[in-house]
There are 2 protein chains.
Amino acid sequence: MKLFFTRYRTILLTGVSLAAMLVLLRWLELRFLIFDNAIEVYIGAIALLFTGLGVWLALKLTKPKTVIVERQVFVATNADFQLNETVLTELGISKRELEVLELMALGCSNQEIANRLFVSLNTVKTHSSRLFEKLEVNRRTQAIEKGKRLILIP
Amino acid sequence: MKLFFTRYRTILLTGVSLAAMLVLLRWLELRFLIFDNAIEVYIGAIALLFTGLGVWLALKLTKPKTVIVERQVFVATNADFQLNETVLTELGISKRELEVLELMALGCSNQEIANRLFVSLNTVKTHSSRLFEKLEVNRRTQAIEKGKRLILIP
DNA sequence: AAGACGGTCATACTTTCGGGTGATTTGTAC
DNA sequence: GTACAAATCACCCGAAAGTATGACCGTCTT
């Protein structure tokens, strides 16, 4: 139950808020029928409400406009990186685990890795902890160091 | 196919729920047309209009979200490590801070660094936190990555 | 002498990590 | 068609990491 809620939280909340809005509309409609001199207030409320809805929709659905800000960065040329697949198979490290390791080495937090791989934070934790077992380390920094030594990452 | 679904689940479901909402609105509109007078149609038009206004407002007034793209400037591959002292002095990184960075890159925890340098855990935290400021990073993994790129550590 | 700087340490607090456990689903190999 | 590995996700809890702030003490400079 809790699982279901966390998984579809956004959708549920969206649904609930829409429903609430409809109820509110209905209520306003009833009030309007009773006090029929309040039409301007009613219209105003509607306008406000749906302006808000529009803003929300736009913010929710727009893709971020990308403004490219160039910044010079020093980078060591590791063009000679050749993944050591032998070690990879020997240690039984899966594709996904390697991806996690790569992102770790770039300095990503677990949450950032989760966002990039389109999986949950818990999944990343599972991957990383399996990875640590296979690399026989306890920390992500050690994993990065060992990964570089074993040529699993550039 | 299934992969596609899982990856874009949120987006798909959002789309579906929006579609459902539109259908609902359409249905309500029809009800109004059939059973009631034109006032509801009017209200509906207002709602639509102001939803549009909201969208327009949001799009017009929202600051563009900036995505910083780093342009890579290649630097000679240093097979044998040669500390980049220029960057070191430019960023104002002290000797002690560099030592902490080196040990971090070896995978040491703060406590281990403290033991190795014969200082307290809190001191290591202070050093690392100053280091992060100077390197403009938030995590030790990012510090390691940037340190390697700037050739502060091998 | 005053100030800047680097190094040291502390307290208090928040966030992130990592370990442990259990579960479902899916694709593949047998 | 079942057995298995890989991938996914959840929950709990304690440890580690990181933030913010303040303080003290040498050394070096002006």
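In case you missed it, the structure is sitting above this.
Everything numeric here is computed off the predicted structure, so don't read it as measured data. (Residues numbered from 1 in each chain as written. Chains lettered and ligands numbered in written order. Predicted model: local features only at pLDDT ≥ 70, side-chain atom pairs only at ≥ 80, totals over all residues. Heavy atoms only, no water.)

Asks: Help me understand the protein's contact with DNA strand C, please; the structure alone is not making it clear to me.
Replies: In the vicinity of DNA strand C lie 19 residues, with Arg140(A), Ser94(B), Ser120(B), Asn122(B) and His127(B) positioned nearest. In the model, a phosphate oxygen of DNA strand C is placed 2.7 Å from a nitrogen or oxygen of the His127(B) side chain. Going through the elements one at a time, helix H7 (121–135) of chain A together with helix H5 (95–105) and helix H7 (121–135) of chain B are the ones with two or more residues in the surface near DNA strand C. A per-element tally of the surface near DNA strand C places H7(B) first, with four residues. Its residues assigned to classes, the surface near DNA strand C shows two nonpolar, 10 polar and seven charged. (Near = heavy atom within 4 Å. Polar contact = N/O pair within 3.5 Å; in protein donor to acceptor, adjacent residues only side chain to side chain. Helix = DSSP H or I, 4+ residues; strand = E, 2+ residues; numbered from the N terminus. Nonpolar A, V, L, I, M, F, W, Y, C, P; charged D, E, K, R; others polar.)

Asks: What is the right way to look at the packing of H5(B) against helix H6 (residues 110–117) of chain B in this model?
Replies: Residues and elements named next belong to chain B. At their nearest, the axes of H5 and H6 sit 10 Å apart, and the two run at 125° to each other. The pairing of H5 with H6 is recorded here as oblique in orientation. The way H5 lies across H6 gives a crossing that is right-handed. On H6, the residues that touch Arg96, Glu99, Val100, Leu103 and Met104 of H5 are Asn110, Ile113, Arg116 and Leu117. Of the residues contributing to the contact of H5 with H6, the split by class is five nonpolar, one polar and three charged. (Axes fitted to C-alpha atoms, helices over the stretch in contact; angles between N-to-C directions. Parallel < 35°, antiparallel > 145°, perpendicular 65-115°, else oblique. Left-handed = near helix turned anticlockwise from the far one by under 90°. Contact = heavy atoms within 4.5 Å.)

Asks: Mind showing me how you'd approach the side chain of Gln142(B) here?
Replies: All names here are of chain B. Inspection of the secondary structure assignment puts Gln142 in helix H8 (residues 140–149). For Gln142, a relative accessible area of 17% puts it in the buried group. Within the structure, Gln142 has its side chain in polar contact with the backbone nitrogen of Asn138 (distance 2.9 Å). (Buried < 20%, exposed > 50% of the residue type's maximum accessible area, 1.4 Å probe, protein only.)

Asks: Whenever I open this one, helix H5 (residues 95–105) of chain A confuses me. Can you help?
Replies: Since one α-helical turn is 3.6 residues long, residues separated by three or four positions face the same way. All buried positions along H5(A) are accounted for by Glu97(A), Leu98(A), Val100(A), Leu101(A), Leu103(A), Met104(A) and Ala105(A). On its buried face, H5(A) is in contact with helix H4 (85–91), helix H6 (110–117), H7 and helix H8 (140–149) of chain A together with H8 of chain B. At the C-terminal side of H5(A), Gly107(A) shows a positive phi close to 95°.

Asks: Is there a simple way to explain the nonpolar core in this structure?
Replies: With 23 residues, the main nonpolar core has Ile93(B), Leu101(B), Met104(B), Ile113(B), Leu135(B), Ala143(B) and Leu152(B) as its most contacted residues. Elements that contribute at least two residues to this core include exactly helix H4 (85–91), H5, H6, H7 and H8 of chain B. Element by element, the count of residues in this core is highest for H5(B), at six residues. When near neighbours in sequence (up to four residues on either side) are disregarded, Ile113(B) contacts Val100(B), Leu103(B), Met104(B), Cys108(B), Val124(B) and Arg140(B). By size, the runner-up hydrophobic cluster in this structure holds 22 residues, among which are Met104(A), Ala105(A), Ile113(A) and Ala143(A). (Core = buried A, V, L, I, M, F, W, Y, C linked by side-chain atoms within 4.5 Å.)

Asks: Is there a simple way to think about the packing of H8(A) against H8(B) in this case?
Replies: The packing of two helices is summarised by the inter-axis angle and the distance between the axes. Running from amino to carboxyl end, H8(A) crosses H8(B) at an angle of 30°, the nearest separation of the two axes being 9 Å. The handedness of the crossing between H8(A) and H8(B) is right-handed. Mapping the contact onto sequence places Arg140(A), Thr141(A), Ile144(A) and Lys148(A) in H8(A) and Arg140(B), Thr141(B), Ile144(B) and Lys148(B) in H8(B). The residue makeup of the contact of H8(A) with H8(B), split by class, is two nonpolar, two polar and four charged.

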